[in-house]
Structures are given as structure tokens and as C-alpha cells.
Amino acid sequence: MITKPRTIVLVTGANQGIGYAVAQGLLAHKNCFILLGSRDTSRGAKAAANLDPTGEFVESITIDVADDASIQRAADLVESKYGRLDVLINNAGINNEIDVMIEQHKKQQEGGVPCPEPVDLAQQRKLFRDVYEVNLFGAAMVTEAFTPLLEKSTDFPARIVFVSSHTGSLGLRADPSSAEYAKWSHPSFPAYRSSKAALNMLTLHYAAKFHGKGWKVNGSCPNLTDTNFTRGWVKGRPATESAANIVRLATLSTDGESGVYSDENGVVPW
């Protein structure tokens, strides 16, 4: 039980990658108590112990964002132990299309096929569903489940951060006059990219919903990051760099922005 007021922060998908780096960044804010969300209990416990062997600032919490019962159990646990939540960081995300791309590349390297294989609609539908279950539906259900606890926040303003992606920006994708157009206009990862575009609208929804309460609700673009998320297929920057803007948004004060989609360089077009 926390005996002195601290900012209680839940980070989903935080046993590795960007979520883990976000927790590391929040540890620099000595008043933060971090609930390290993880689908796998043992991995979560190990990650929490690595971050904070004392257990004074980090606690592992089991939460599978694709499982409503798991989400509710996590919310009930936080309610019973702490009675409130001050910051929610919806970080958990997947991109199964990377696995498909890697498999196709392997086949090509081994002699492959001269033309694309026939599309299996059932497999494609499952791929889309799995991605949306985590990236969109999971973020929405976690937010809904923890809203009553954010209502009880004693660290005004309550803050919600949705971890999105530059790849979900319609503005970057659709504007040929943009200097970024060539980078983002390739027809890649339709399930992942559309799930993040939808997450951006969800961010705006909650920003509007909680505007009257003064809450800060924002989206963050971590950029391409060198984590297990990319399966080692593509290289990116260190997770600590990608986590910086998420940490900033998670620690905004009353004069901070809300309803904004950004990275460390500033606003990103929706």
C-alpha cells in the first residue's frame, strides 16, 4: 500500500520495448509509482524487478488487453489496492503483418514463387481482427475500465496517452506536397496502419469526452524503434528515445496540451 501521495501510472505492454523504456523514463520522476502492465505474469514480474529491485516504485500487474476479464481483474486490483489511477498509458500493440512479410521473404530467398500466392481471406480476416483487438479495441476497453479510477485521481489533471504511430497519420500519407510523403506513402501494413489511424480518432474522442474535466488526452508517435516488435527485421532508434515524448505527455501539468498527436519534434498531422 502506498503511504504517501504519488502519481500512480499504469503502462500496458510494458515488460519490454517502448513500454519498458517509458517505465524507465518515469522512474526519473521520483513521485511516480508505476504499474507495469504485462500479459505474461512471470515476464512482467521479472521486468519490474529489473527496473526496481526494491519494489518501492514499480509493481507488476497482469493485464491482457485483448481479454475483457483480464482488463477487469486489473482494474479491480488497482481499485482495491490504491483506489485511484492518475495516468493511463495505452502502449500495448502488435503488428502481425511483419511475421507475414518475413515468411514471404524467406520463401523468396529459398527459390520462392514467381507471383504472389493466392489470398486466403480467412487468414487475412484473422490477421486484421487480431491487430485491431489489441491496438484499437484493447486500448478502448482499458480506457473504459480505468475511467472510474481516473475519476478519483488526486494528481490533477488526470492524463491518458495513446501510443500511436506515424504510419497511422492520414496527413503524412495523403499529402504529396509534404516532405514526408515519399517515406509514408508506400502501401504497407494495412491492418497495423489502419488500426493506428483508428486509434487516433479514439484519442480525439476521449480528448473531447474528458475536456470538461480538464484531463490531458493525447497521442504519441514513437517512430521506428529497435525492439522485439520489429522482430529484428528492421532497425530503428533506441527505445529510450522513442519513449521520451510519451513520458512528457504522461507528466503534463494543467497548462499542457490535450487532443494533440505529436512526437518529440512537435505536432504530427492527423
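In this text the structure is predicted, and so the values were computed from the model without any measurement.

Caption draft 1: Representation of the overall build of the protein in the model. Helix and strand content of the protein: 9 helices and 8 strands. Classification of the 270 residues of the protein by burial places 46% in the buried group. A sequence separation of at least 24 residues applies to 75% of the contacts in the protein between residues at least 6 apart.

Caption draft 2: Region of interest: the sheet that holds strand 7 (residues 261-263). Strand order in the open sheet made by the 8 strands is 3-2-1-4-5-6-7-8, with mixed pairing throughout. The open sheet has two free edges, formed respectively by strand 3 (58-62) and strand 8 (266-267), since each of these has just one partner strand. One ladder, built from 2 bridges, connects strand 6 (residues 216-220) with strand 7; its direction is parallel. Paired with G219 across the bridge in strand 7 is Y261. Together, strand 1 (7-11), strand 4 (87-90) and strand 5 (159-163) form the strand contacts of helix 5 (residues 121-150), whose direction differs from that of strand 4 by roughly 175°. Its contacts with the sheet put helix 9 (residues 239-250) on strand 4, strand 5, strand 6 and strand 7, and the angle it makes with strand 5 is roughly 160°.

Caption draft 3: Representation of the packing of helix 5 against helix 8 (residues 190-209) in the model. Between helix 5 and helix 8, whose axes approach to 9 Å, the crossing angle comes to 15°. With respect to helix 8, the element helix 5 is oriented roughly parallel. For the element pair helix 5 and helix 8, the recorded crossing hand is right-handed. In this structure, helix 5 uses L127, F128, V131, Y132, N135, L136, A139, A140, T143 and E144 to contact helix 8, whose residues at the interface are P190, A191, Y192, S194, S195, K196, A198, L199, L202, Y206 and K209. Taken together, the residues that form the contact of helix 5 with helix 8 break down as 14 nonpolar, 4 polar and 3 charged.

Caption draft 4: Local environment of the nonpolar core. Ranked by internal contacts, the top residues of the largest apolar core, which has 35 residues, are L35, L85 and F146. Taken together, the elements giving at least two residues each to this core come down to strand 1, strand 2 (32-38), helix 3 (68-81), helix 5, strand 5 and helix 8. In this structure L35 touches I8, V9, L10, V11, E59, I61, V78, Y82 and L85, once residues within four positions along its chain are discounted. Core analysis: the second largest hydrophobic core is formed by 27 residues, C32, L51, V163 and I246 among them.

Caption draft 5: Molecular detail of the packing of aromatic side chains. For the structure shown, the criterion picks out 6 aromatic pairs. Ring centres 6.1 Å apart and planes at 55° place the aromatic pair Y132 and F137 in the tilted group. Arranged with centres 5.9 Å apart and planes meeting at 15°, the rings of Y206 and F210 form a pair that is stacked. Residue class for Y206 comes out buried when judged on its relative accessible area of 2%. Accessibility expressed as a relative area gives 2% for F210, which makes it buried. Following the ring pairs from residue to residue traces out a cluster consisting of F162, Y206, F210 and W215.

Caption draft 6: Representation of unusual backbone geometry in the model. Cis geometry is adopted by the peptide bond preceding P157, which originates at F156 and carries an omega value of 0°. Looking at the element boundaries, P157 is found in the loop between helix 5 and strand 5.

Caption draft 7: How the structure looks around helix 5. The terminal C-alpha atoms of helix 5 lie 41 Å apart, and with 30 residues this matches the ideal 44 Å at 1.5 Å per residue to within 8%. The largest bend in helix 5 amounts to roughly 45° and is located at E133. The distance from a side-chain oxygen at the start of helix 5 to the backbone nitrogen of A122 is 3.0 Å, and the residue carrying that oxygen is D120.

Caption draft 8: The pattern of salt bridges, seen in detail. Applying the stated criterion to the full structure yields 9 salt bridges. A salt bridge links E59 to K81, with the shortest nitrogen-to-oxygen separation between them at 3.0 Å. Taken together, the residues E59 in strand 3 and K81 in helix 3 connect sequence positions 22 residues apart. K81 sits in the partly exposed class, given a relative accessible area of 29%. For K126, the salt bridge identified is with D130, shortest N-O distance 2.6 Å. Of this pair, K126 and D130 both sit in helix 5, 4 residues apart, roughly one helical turn.

Caption draft 9: Just the side chain of N95, in detail. Along the chain, N95 falls in the loop between strand 4 and helix 4 (97-109). Engagement of the side chain of N95 in a polar contact is seen with the backbone nitrogen of E97, the distance being 3.1 Å.

Caption draft 10: Here's a closer look at empty space enclosed by the protein. All told, the structure shown has 1 cavity of 30 Å³ or more when counted by the stated rule. In this structure, the largest cavity spans a volume of roughly 60 Å³. In terms of lining residues, the largest cavity is bounded by 13 residues, among which N90, N91, A92, V134 and A139 are the most central. For the lining of the largest cavity, the secondary-structure elements that each account for two or more residues are helix 5 and helix 8.

Definitions and limits used
- Residues numbered from 1 in each chain as written.
- Predicted model: local features only at pLDDT ≥ 70, side-chain atom pairs only at ≥ 80, totals over all residues.
- Heavy atoms only, no water.
- Helix = DSSP H or I, 4+ residues; strand = E, 2+ residues; numbered from the N terminus.
- Buried < 20%, exposed > 50% of the residue type's maximum accessible area, 1.4 Å probe, protein only.
- Contact = heavy atoms within 4.5 Å.
- Pairing = 2+ DSSP bridges.
- Axes fitted to C-alpha atoms, helices over the stretch in contact; angles between N-to-C directions.
- Parallel < 35°, antiparallel > 145°, perpendicular 65-115°, else oblique.
- Left-handed = near helix turned anticlockwise from the far one by under 90°.
- Nonpolar A, V, L, I, M, F, W, Y, C, P; charged D, E, K, R; others polar.
- Core = buried A, V, L, I, M, F, W, Y, C linked by side-chain atoms within 4.5 Å.
- Phe/Tyr/Trp six-rings, centres within 6.5 Å; stacked < 30°, edge-to-face > 60°.
- Expected span 1.5 Å × (residues − 1).
- Bend = angle between axes of the 7 residues up to and from the residue.
- Polar contact = N/O pair within 3.5 Å; in protein donor to acceptor, adjacent residues only side chain to side chain.
- Salt bridge = Lys/Arg side-chain N within 4 Å of Asp/Glu carboxyl O.
- 1 Å grid on protein atoms, 1.4 Å probe; cavity = no way out; pocket = protein on both sides within 12 Å on 5 of 7 lines; lining within 4 Å.
- Points joined across faces, edges and corners; volume = space filled by probe spheres on them.

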